[in-house]
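The residues making up each chain are set out below.
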Amino acid sequence: MIEVMKVAFNARTLSAPQLRGWSRYSSNLIRELSLAGVKVYLFSDRKLNEELLKGCSKDNVEVVVKSGLLYIDWEQRVLASLCKEYQIDILHCPINYGLPIYRNWKQVLTLHDAIEKAFYDPHKSFFEKISFDHLYVRALHRLAQNSSDKIITVSKHAALDIEKFYGVSSNKIEVIYEAADPIFTKEPMFSKEDLKKKFNLSEDYLFYVGGFEKRKNIEFLLEALSKTKKNSLLAIAGGGAEINELRSLSIKMGISHRVKLLGWVEDQFLPSLYHYARALVYPSFYEGFGLQIVEAMAQSCPVLCSNQTSLPEVWGSELGTFDPCDREGLSSLLDKVVEDEQFYQGLKAWSCKRHQNFSWKKTAQETIKVYESLLSQSETSL
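Residues numbered from 1 in each chain as written. Predicted model: local features only at pLDDT ≥ 70, side-chain atom pairs only at ≥ 80, totals over all residues. Heavy atoms only, no water.

Visitor: I tried to follow the overall build of the protein on my own but got confused; where do I start?
Guide: Counting its secondary structure elements, the protein contains 15 helices and 13 strands. Taken along the three principal axes of its C-alpha coordinates, the protein extends 70 × 50 × 35 Å. The buried share among the 382 residues of the protein stands at 54%. Within the protein, contacts between residues at least 6 apart in sequence are counted, and of these 70% link residues at least 24 apart. Split by element, the accessible area of the protein, about 17600 Å² in all, is 50% carbon and sulfur. (Helix = DSSP H or I, 4+ residues; strand = E, 2+ residues; numbered from the N terminus. Buried < 20%, exposed > 50% of the residue type's maximum accessible area, 1.4 Å probe, protein only. Contact = heavy atoms within 4.5 Å. Areas by Shrake-Rupley, 256 points an atom, 1.4 Å probe, with all protein chains shown as cover.)

See the structure below:
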């Protein structure tokens, strides 16, 4: 490691009340960087959630909170001034945007995917595309892409989409996989009996956890479940107003007795829910990575996942994958994982083996190599 490397993060995502998405990525990466000896400065315009910094080396992490007038003022003026004041070598933004234009230090952007351009934009109306909110977010993303010296993304598929939809050169992109939170790599905290009492899960169940937006393809999952021959139970974890819609759909399909809507589930229960599930079922149309698959693998949970975008790359096998438009195909897989013990054990064995490819320590080590490469280029140019 290059001596006395000073790395700053645009860390405002760590003000979030709970670990989700970007904050989960930031929290895990920063912890492992600090434990690897990197001096990390966390710059934000709002107070950080100290729970998200647990496990960090206190000697190697310094939090600096300083507000601006509006977010864009903080990003372009205050953040830049903090980098200059603390003589930062690398500024890393882990949230798709958030880098100053004018600077004399190296900048790294983690761009998790190109989902806005690749998936959402084609479905937006003309008026949505010319709205202030749309144009403002698009401008922030473009500024960060242009101001970065290196872009880290989380899958080879995401890298191809970033190159295709944003016009970023492949030479500028590094693929570094994410991993499961440490809580998922430990023995489950709760027993099957505990889950039965907490969630009323009285039998073997299939499991889904995640969002309910259209790209997650949950209606398709319910349709496939309704066509299965086995009377399998599907437990669905996740919160939001869409739960009522899912409840209505399950009633309409005549499977409400086979669909258990768990609502928002605290992280402490998730490892156990994965561990005792017959399989995680993930039918999404588009993912930049697919963190739930890695979480499931950390608990040796079999996975049935869509064969689209990054999901087969992360799962690493054709075994258990399906076309997210083929209802009959998924129905057959749902029956097979329940009744075919050899198939189930094969998925379980692969899940356990594949998990070894992902760790936050490895993610941090590969990220440090990106930093070192940029700093070496700076020294060479002097």
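Here the narrative resumes, following the displayed structure.
Visitor: I would appreciate a short explanation of the packing of helix α8 (residues 218–226) against helix α9 (residues 242–252) in the present structure.
Guide: Helices that pack against each other are described as a pair by the angle of their axes relative to one another and the distance between those axes. The geometry of α8 relative to α9 is characterised by a closest axis approach of 10 Å and an angle of 25 degrees between their N-to-C directions. If you check the angle between α8 and α9, you find them roughly parallel. Of the two possible hands of crossing, α8 and α9 adopt the one that is right-handed. Between α8 and α9, the residues in contact are I218, E219 and L222 and L246, L249 and S250, respectively. Tallied by class, residues from the contact of α8 with α9 come to four nonpolar, one polar and one charged. (Axes fitted to C-alpha atoms, helices over the stretch in contact; angles between N-to-C directions. Parallel < 35°, antiparallel > 145°, perpendicular 65-115°, else oblique. Left-handed = near helix turned anticlockwise from the far one by under 90°. Nonpolar A, V, L, I, M, F, W, Y, C, P; charged D, E, K, R; others polar.)

Visitor: Can you walk me through the sheet that holds strand β10 (residues 259–263) in this structure?
Guide: Where strands meet in a sheet, backbone hydrogen bonds hold them as pairs that are either parallel or antiparallel. Strand order in the open sheet formed by six strands is β10-β9-β8-β11-β12-β13, with parallel pairing between adjacent strands. Taken across any chain shown, the strands that pair with only one partner, and hence form the sheet edges, are β10 and β13 (321–322). (Pairing = 2+ DSSP bridges.)

Visitor: What is the right way to look at unusual backbone geometry in this model?
Guide: Trans is the prevailing form of peptide bonds, just as negative phi is the prevailing case for residues other than glycine. Not every positive phi belongs to a glycine, and N96 is a case in point at roughly 75 degrees. Note that N96 resides in the loop between β4 (90–93) and β5 (106–110).

Visitor: What exactly am I supposed to notice about the side chain of R354 here?
Guide: Secondary-structure assignment places R354 in helix α14 (residues 341–354). Here E313 takes part through its backbone oxygen, which lies 2.8 Å from a polar atom of the side chain of R354. Among all residues touching R354, those that are not within four sequence positions of it are M297, E313, V314, W315 and G316. (Polar contact = N/O pair within 3.5 Å; in protein donor to acceptor, adjacent residues only side chain to side chain.)

Visitor: What exactly am I supposed to notice about the pattern of salt bridges here?
Guide: Note on pairing: side chains with opposite charge can pair once their charged atoms come close. On inspection of all chains with the given rule, the structure shows 16 salt bridges. Between R46 and D45 there is a salt bridge; the shortest N-O distance is 3.6 Å. Judged by relative accessible area, R46 falls into the partly exposed class, the value being 39%. For the salt bridge of R278 with E341, the shortest nitrogen-to-oxygen distance reads 3.1 Å. In this pair, R278 is assigned in the loop between α10 (270–276) and β11 (279–282) and E341 in helix α14, connecting sequence segments 63 residues apart. Of the residues examined, R278 reaches a relative accessible area of 13% and is grouped as buried. With relative accessibility at 41%, the residue E341 sits in the partly exposed group. Through salt bridges with shared partners, one network takes in E213, R215, K216 and E287. (Salt bridge = Lys/Arg side-chain N within 4 Å of Asp/Glu carboxyl O.)

Visitor: Where do I start with the pairing of strand β8 (residues 205–209) in this structure?
Guide: Counted residue by residue, β8 has five buried out of five residues, so it is predominantly covered. Judged by which residues are buried, β8 turns out to be covered on both faces: Y205, F207 and V209 on one side and L206 and Y208 on the other are all buried. Note that β8 and strand β9 (residues 233–237) share five bridges and pair parallel. Residue pairing for β9: V209 is matched across the bridge by A237. Read as a crossover between parallel neighbours, the route from β8 over α8 to β9 is right-handed. Alignment of β8 against β11, held across two bridges, turns out to be parallel. Counterpart to F207 in the pairing with β11 is L280. (Right-handed = clockwise from strand over helix to strand, strands pointing away.)

Visitor: It is not clear to me how the environment of S67 should be interpreted in this structure. Could you clarify?
Guide: When you line up the elements, S67 lands in the loop between β3 (61–65) and α2 (71–85). In this structure S67 comes out as exposed when scored by relative accessible area, which is 51%. On a C-alpha basis, the gap between S67 and R46 in space is 6.8 Å, while along the polypeptide they are 21 residues apart. In contact with S67, other than residues within four places in its own chain, are D45, W74 and V78.

Visitor: Help me out: how do you make sense of a nonpolar patch on the surface in this one?
Guide: Residues F127, I130 and L135 make up a contiguous nonpolar surface patch of about 330 Å² in total accessible area. In this structure L135 comes out as partly exposed when scored by relative accessible area, which is 42%. (Patch = residues over 30% accessible without salt bridge, like charges linked within 9 Å, V, L, I, M, F, W, Y side chains within 5 Å.)

Visitor: What is the right way to look at the sheet that holds β3 in this model?
Guide: Strand order in the open sheet formed by seven strands is β3-β2-β1-β4-β5-β6-β7, with parallel pairing between adjacent strands. The two strands at the open ends of the sheet, each matched to only one other strand, are β3 and β7 (173–175). Taken over all neighbouring pairs, the strand axes of this sheet differ in orientation by 25 degrees on average, direction set aside. Across five bridges, strand β1 (residues 6–10) lies against strand β2 (residues 39–44) in parallel orientation. Pairing of N10 across the sheet is with F43, part of β2. Sheet strands in contact with helix α1 (residues 22–35) are β1, β2, β3, β4, β5 and β6 (150–153), and its direction is about 150 degrees off that of β2.

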